[in-house]
Protein chains: 2
Amino acid sequence: MADAVSPVRDVTPTAGGVMAPAGFQSAALHSGIKAAADVLDLVVIAADTIASAAALFTTNLVQAAPVIVSRNHLAASEGRARAIIVNSGCANACTGHRGITDAERMTAETAAALGATPDQVLVASTGVIGVNLKMEKVVPAIGTAVAALTPGRGHDVARAIMTTDLFPKEHAVTVHTARGAFTVGGTAKGAGMIEPNMATMLGFLTTDAQVAPAVLQRALKESARDTFNAITVDGDTSTNDCVFLLASGASGISIDEELYPALLDGLLTVSRELAVAIVRGGEGATKLVTVHVRGARTRDDAHRVAKTIANSPLVKTAIHGADPNWGRIVAAAGRAGVMFDVGRTTVHVGGVLVFENGLPHDQNAPLAAEHLKGTDVAIDVDLGGGGTDCTVWTCDLSAEYVRINGEYRT
Amino acid sequence: MADAVSPVRDVTPTAGGVMAPAGFQSAALHSGIKAAADVLDLVVIAADTIASAAALFTTNLVQAAPVIVSRNHLAASEGRARAIIVNSGCANACTGHRGITDAERMTAETAAALGATPDQVLVASTGVIGVNLKMEKVVPAIGTAVAALTPGRGHDVARAIMTTDLFPKEHAVTVHTARGAFTVGGTAKGAGMIEPNMATMLGFLTTDAQVAPAVLQRALKESARDTFNAITVDGDTSTNDCVFLLASGASGISIDEELYPALLDGLLTVSRELAVAIVRGGEGATKLVTVHVRGARTRDDAHRVAKTIANSPLVKTAIHGADPNWGRIVAAAGRAGVMFDVGRTTVHVGGVLVFENGLPHDQNAPLAAEHLKGTDVAIDVDLGGGGTDCTVWTCDLSAEYVRINGEYRT
């Protein structure tokens, strides 16, 4: 296949987060799910008219009620949605039949207020597991939120979906193409139970491009593979998490095969920004670690090795302690279940060679240790066996992670 | 198959650790590999005459020199060995060709002093990776050790193989059978990089039963499956680790098919004791956690679920904080890659029901939290889908683990 001239002229950051694209409105408020007064805990994201919709859901066998309900609605509506109703503070997971009823009720109330059908509303919840939603607070709040819908308040959405997140996460870009510009925006929340395979967090993406549902789903899946599914904080996979993508079409730019790479570019840029922000804000994280594995025979091999290194407690604690411990990196690679030649493997830490020809370069350790004292750490492993590479982002493992997770609920 | 009358009359603890069985001698001394004066760092375990030998080696792709050399020797000698030479303080891993030469030299020196062939000597090393052995210290020490061989000093062996271990680990039992008694003894070291699949630690087992090499290997593999390969501290798998088993035959009790269960009983008892001690002494561990999964369709299913729970940082930190967080336990089970019905799954913490029918029993949480304040914690998960079960032992994840591993080398 000959290289086509890229339809993408430029991808530039823009303000507004998830509300940057045209054709959407939102409202965020305090419903009372969270005890603390005035803390935002309920959000409605609504398209002005029916939008194309795509979603990726947790791969955990144990799935929260909103995940089950949203998956059903997306199938019933054949990839169309009018709105997403989201709450923080309660995950509505492990809540049995009542959980399903409550999640359905949230979509029905939102739909009624908007003049849509329940199938056209998606729902997401995040927070404590095993606790029922306070529906007497939620139901009136939904009506209030829909009545308050307004454009341009993406930052409130980003704040309202936070649980133990340290900071809101949002990003938006304008994609300039030969046929005009469209916008992609998004927000996400993370913190704990972060691990690849879409089970990782809540993410809400919007675009004003005009996209058929099947194309939208393909683009979301493709962009998530190298962004949301390439991050890990602790290897744990949540019961609730999902990424939603709505396309309003309000820009008038229609995504066909020629413009598909432009859509993908926009989604990749926004998703990567959000994914990396989730890792940077990981529980107890003090460093963002970029693990880049190259020289692999297949992408799956590269991904396995990168992920095993990124999830190794010994590697993560060594990085926390600014120890360029190539031995732990090589040992983690060696147990990833991938065949490679250790004698041809090299390891760089912050661009400094620390392992080659099966032997350490300990004379470089002080320089590598200096790099590890920073907040952005690069681990590069070349397996020396092929032309495929993969990047995974993780964070260090700190005593603070233990403190947060040993004291979260009690 | 009809039940046979068990040939095992009784399995009783006995003193002496790895030197409890007849037909073995040992010597442990300070060679100078470890800097601190008078700290034991070199051991010879010798059989009085040539013994049957079996071994399990790390599954890590990256294998230390002593692992490569011992595997070759065991193959060349067709499962026979006269001695094992062990050092602590230096792992002789990632040391290239020189590492292999050094490990070969250790066996050759030991063999020469004993009047055996190098193939009849096995070698193991534990300690820092990527550093060469100080052979000028090791070689003379081997001669001194062989000259000092003596029976009954198992405790010195247990101490000499320690690295960051908090306490020595040893156990021995006498197995009384219808045809007489034999003894099984052992010692092990663990601490970090502890994870199933024989990649976990150094273990040395002895017996004075008379066993053909193939039977010995089968018994070691079978007993390790439910003991050494059923523990995890941090999910990391070392480059060095192995378990050796020597059978001297000095008891005169010959292991045939009828007595095989007796041998297995003895090995299981000693290995379980050592494996659990490794977990109890895991880096930063304050609690021993026994994860028992039942109601699985296959043993592999049960093992996957138990291991995923046992390695979950969120579960381990919750236990550390005495939080009966059934949500994290169920979520970990759900991402194990095993199909089961969450609605039929129950979770008990310390015998207290905390999850059933897809719902929590939060009224029991205070009672379960009380149990978690102890040092021995039981997590029982019934998947409700079959008759197979599996036990995995792990420890909690503490801030001390992070401290130890963030500061180990620097």
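If you're wondering where the values come from, they're calculated on a predicted model, not measured in any experiment.

Novice: Which residues make up the overall build of chain A, and what values go with them?
Specialist: Looking only at helices and strands, chain A has 11 helices and 16 strands in total. A principal-axis box enclosing the C-alpha atoms of chain A has dimensions of 70 × 60 × 35 Å. For chain A, the share of sequence-separated contacts (at least 6 apart) that also reach a separation of at least 24 residues comes to 82%.

Novice: Residue-level account of the domain arrangement of chain A, with values.
Specialist: Residue and element names in this part refer to chain A. If you check the domain split of chain A, you get domain 1 (8-280) and domain 2 (288-407). Each partner contributes to the interface: domain 1 provides 11 residues, whereas domain 2 provides 10 residues. Listing elements by their share of the side of domain 1 that touches domain 2, those giving two or more residues are strand S9 (231-232) and helix H6 (260-280). With four residues, H6 is the largest single contributor of residues to the side of domain 1 that touches domain 2. Here the side of domain 1 that touches domain 2 is built from residues that sort into seven nonpolar, three polar and one charged.

Novice: Could you give an account of the sheet that holds strand S14 (residues 376-382) of chain B, naming the residues involved and the relevant values?
Specialist: Residue and element names in this part refer to chain B. Spatially, the six strands line up as an open sheet ordered S13-S12-S11-S14-S10-S15, and their pairing is mixed. Each edge of the open sheet is held by one strand with a lone partner, namely strand S13 (359-360) and strand S15 (388-395). Pairing of strand S12 (residues 352-356) with S13, which is carried by two bridges, proceeds in the antiparallel orientation. Bridging across to S13, Phe-355 finds its partner in Pro-360. Contacting strand S10 (288-296), S14 and S15, helix H7 (residues 299-311) crosses the sheet at an angle of about 20° to S15.

Novice: Could you give me a rundown of the confidence of the model for chain A, with the residues and numbers involved?
Specialist: Residues and elements named next belong to chain A. The pLDDT averaged across chain A works out to 90; a share of 93% of its residues lies at or above 70. In this model, residues 193-200 is a region of pLDDT below 50 whose contacts with residues beyond four sequence positions or in other chains number 47 contacts. Across the whole predicted complex the pTM is 0.80, and at the interface the ipTM reaches 0.73.

Novice: Explain the nonpolar core residue by residue, including any values.
Specialist: Counting 271 residues, the largest nonpolar core has Phe-244, Val-305 and Ile-309 of chain A together with Phe-244, Val-305 and Ile-309 of chain B as the members making the most contacts within it. Beyond its immediate stretch of four places on either side in the chain, Ile-309 of chain A contacts Val-291, Val-315, Ile-329, Ala-332, Ala-333, Ile-379 and Val-381 of chain A. Formed by six residues, the second largest nonpolar core is a distinct cluster that contains Val-402 of chain A together with Leu-397, Tyr-401 and Val-402 of chain B.

Novice: So what about the environment of Ile-231 of chain B? Which residues, and what values?
Specialist: When you line up the elements, Ile-231 of chain B lands in the loop between helix H5 (213-225) and strand S9 (242-247). We classify Ile-231 of chain B as buried; it has 29 C-beta atoms within 10 Å.

Novice: Describe the packing of helix H7 (residues 299-311) of chain A against helix H9 (residues 326-334) of chain A, and please don't skip the residues or the numbers.
Specialist: All names here are of chain A. Direction vectors running N to C along H7 and H9 enclose 130°, while the axes themselves pass 8 Å from each other. Classed by the angle they form, the pair H7 and H9 counts as oblique. Judged by the twist between their axes, the crossing of H7 over H9 is right-handed. Facing Val-305, Thr-308 and Ile-309 of H7, the residues of H9 in contact are Ile-329, Ala-332 and Ala-333. Here the contact of H7 with H9 is built from residues that sort into five nonpolar, one polar and no charged.

Novice: An account of the sheet that holds S9 of chain A is requested, with residue identities and associated values reported.
Specialist: All names here are of chain A. Spatially, the seven strands line up as an open sheet ordered S9-S16-S11-S15-S12-S13-S14, and their pairing is mixed. Two strands lie at the open edges of the sheet, namely S9 and strand S14 (359-360), each paired on one side alone. Note that strand S11 (residues 288-296) and strand S16 (residues 388-395) share seven bridges and pair antiparallel. Opposite Val-289, over in S16, you have Thr-394 as the bridge partner.

Novice: Explain the pairing of strand S1 (residues 8-13) of chain A to me, using residue names and the numbers behind them.
Specialist: Residues and elements named next belong to chain A. Within S1, only zero of the six residues are buried, which leaves it mostly out in the open. Looking at chain direction, S1 and strand S6 (residues 169-177) are connected through five bridges and run antiparallel. Looking across to S6, one finds that Val-8 is bridged to Thr-177.

Rules and cut-offs
Residues numbered from 1 in each chain as written. Chains lettered and ligands numbered in written order. Predicted model: local features only at pLDDT ≥ 70, side-chain atom pairs only at ≥ 80, totals over all residues. Helix = DSSP H or I, 4+ residues; strand = E, 2+ residues; numbered from the N terminus. Contact = placed C-beta atoms within 7 Å. Domains from an automatic or database assignment. Nonpolar A, V, L, I, M, F, W, Y, C, P; charged D, E, K, R; others polar. Pairing = 2+ DSSP bridges. Axes fitted to C-alpha atoms, helices over the stretch in contact; angles between N-to-C directions. pLDDT = per-residue confidence, 0-100. Core = buried A, V, L, I, M, F, W, Y, C linked by C-beta atoms within 7 Å. Buried ≥ 20, exposed ≤ 12 C-beta atoms within 10 Å, placed from the backbone. Parallel < 35°, antiparallel > 145°, perpendicular 65-115°, else oblique. Left-handed = near helix turned anticlockwise from the far one by under 90°.

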